[in-house]
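If you want the building blocks of each chain, they are given just below.
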Amino acid sequence: MIQDSETLSILLSTIARFVRERLIPNEEVVAETDEIPADIVHEMKATGLFGLTIPQAYGGFELTMEEEVLAMLELGRASPAFRSLIGTTLGIGSQGILLDGTEEQKRKYLPRLATGELIAAFALTEPDAGSDAVSLRTRAVCDGDHYVVNGTKRFITNAAQAGIFTLLARTGSEPKGAAGISAFIVEAATPGITLGKRDRKMGQRGAHTCDVIFNNCRIPVANLIGGVEGQGFKTAMKVLDKGRIHIAAICVAVAGRMLDEALRYALERQQFGKPIAEFQLIQAMLADSKAEIYAARSMVIDAARRRDEGLDVSTEASCAKLFASEMCGRVADRAVQIFGGSGYVSDHGIERFYRDVRLFRIYEGTSQIQQLVIARNMIRAERA
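What counts and how
Residues numbered from 1 in each chain as written. Predicted model: local features only at pLDDT ≥ 70, side-chain atom pairs only at ≥ 80, totals over all residues. Heavy atoms only, no water. Phe/Tyr/Trp six-rings, centres within 6.5 Å; stacked < 30°, edge-to-face > 60°. Helix = DSSP H or I, 4+ residues; strand = E, 2+ residues; numbered from the N terminus. Buried < 20%, exposed > 50% of the residue type's maximum accessible area, 1.4 Å probe, protein only. Lys NZ or Arg CZ within 6 Å of the ring centre and 35° of its normal. Patch = residues over 30% accessible without salt bridge, like charges linked within 9 Å, V, L, I, M, F, W, Y side chains within 5 Å. Areas by Shrake-Rupley, 256 points an atom, 1.4 Å probe, with all protein chains shown as cover. Salt bridge = Lys/Arg side-chain N within 4 Å of Asp/Glu carboxyl O. Lys, Arg positive; Asp, Glu negative; His and termini not counted. Charge placed at Lys NZ, Arg CZ, Asp CG, Glu CD. Pairing = 2+ DSSP bridges. Core = buried A, V, L, I, M, F, W, Y, C linked by side-chain atoms within 4.5 Å. Contact = heavy atoms within 4.5 Å.

A. Structural detail: the packing of aromatic side chains. Going through the model one piece at a time under the given rule, you end up with five aromatic pairs. Arranged with centres 4.9 Å apart and planes meeting at 65°, the rings of Tyr-147 and Phe-184 form a pair that is edge-to-face. In this pair, Tyr-147 sits in strand β3 (residues 146-157) while Phe-184 sits in strand β5 (residues 181-187), placing the two residues 37 residues apart along the sequence. One exposure class covers both Tyr-147 and Phe-184, and it is buried. Of note, Arg-352 hangs over the ring of Phe-353, and the distance from its end group to the ring centre comes to 5.1 Å.

Laid out in structure tokens, this is it:
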């Protein structure tokens, strides 16, 4: 935790300057090449961005959830691809180890994650188990001092760059349900791991996903997170609660960037002898976007503070993710509308953001899953 507000201010200013001077100018390069330039990745590591949430004892900044949100509100103003490389490592890729790992597991992996030496990936989704995560079929069978893993994971972000995977697999005799799911740390160089072809996505070029196939892959028993079978689903849910607040913050940041771009364009674009910003219907779209961004930001900050207080934030995290991701889509749509025909071509980048942000309503739990989480938590609380 950065208890010194001046130090936190310096960190946020550093991230904001890095976004402004290095990331935004390279957005088109990433869009054209589908790759983040190697020098940019090196600078991300040198700036310490991969270690924002990792404890200081393991080489990170140890940001609180609220501090992480503030950092993401700066970092998220650039193309989501940049955040994806960092965020998956400091978020869902490493948080399982941080939250539930043994001390030995933490010492072995967290320092290398903090420096960016290791990129992490989170291997939960499968061809027949996405929203229905408890139906995953990947199986880990104990064989002496190893587990033998077989199965396929789908849409795994950073898989091609990953040095380690946090893997969710079924163990023991439980044929189905959450109780039979365990979490493992799997090093990417382990024999028996094959990567599928890179997915061709609607947006977020530069952020890569693909299948990860495990074929008789032998994982040391020591890499069972926490050393206990059957705790993997609980670990995943804790990781996803945090990740949902993180993604909600990114949605707010990207929406703010799009609104800024739309406002500037509306002030410059002339129709009927005056800037279109003077037209009331344009003003309505600008105002609605501003109000929704403010509401989402308030939700995200509140959820983050509650988590820092040690409260159960399952409902708040889902509320923030649901509202912020849907809001971001509406802001993107209005921004394209304000740009008009110019918003439909690639010259201004708004059409790229329009495609990029569509994913926010799908990953880390779809909007429909967030609705189910919220409603079920409400019903459970009322019956208690």
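B. Quick peek at a positive patch on the surface. There is a patch of like positive charges on the surface, built from Lys-197, Arg-200, Lys-201 and Arg-205. Tracing the chain through its elements places Arg-205 in the loop between β6 (193-195) and β7 (209-220). The exposure class of Arg-205 is partly exposed, given its relative accessible area of 37%.

C. Region of the structure containing the pairing of β5. With six of seven residues buried, β5 lies mostly within the body of the structure. Direction of pairing for strand β4 (residues 164-170) relative to β5: antiparallel, over a ladder of seven bridges. Each bridged residue has a counterpart across the sheet, and for Arg-170 the counterpart in β5 is Ile-181.

D. Spatial organisation of the nonpolar core. The biggest cluster of nonpolar side chains holds 72 residues, and the ones touching the most others in it are Leu-23, Met-44, Val-69, Ile-245, Met-258 and Phe-360. Beyond its immediate stretch of four places on either side in the chain, Met-44 contacts Phe-18, Leu-23, Leu-49, Phe-50, Phe-82, Leu-85 and Ile-86. With 25 residues, the next largest nonpolar core counts Ile-54, Ala-114, Leu-118 and Val-239 among its residues.

E. Just the pattern of salt bridges, in detail. Under the definition given, this model contains 26 salt bridges. A salt bridge links Arg-22 to Asp-39; its shortest N-O distance comes to 3.1 Å. One end of the pair, Arg-22, is in helix α1 (residues 5-23); the other, Asp-39, is in helix α3 (residues 38-47), with 17 residues separating them in the sequence. Look at Asp-39 and you get partly exposed, because its relative accessible area is 42%. Note that Glu-126 is salt-bridged to Lys-153, the shortest N-O span being 2.9 Å. Of this pair, Glu-126 sits in the loop between β1 (120-123) and β2 (139-143) while Lys-153 sits in strand β3, and the two are 27 residues apart along the sequence. The pair formed by Glu-126 and Lys-153 is uniform in burial state, with each residue classed as buried. Each member of the salt-bridge network shares a partner with another, and the members are Glu-27, Glu-28, Arg-257, Glu-261, Arg-264 and Arg-352.

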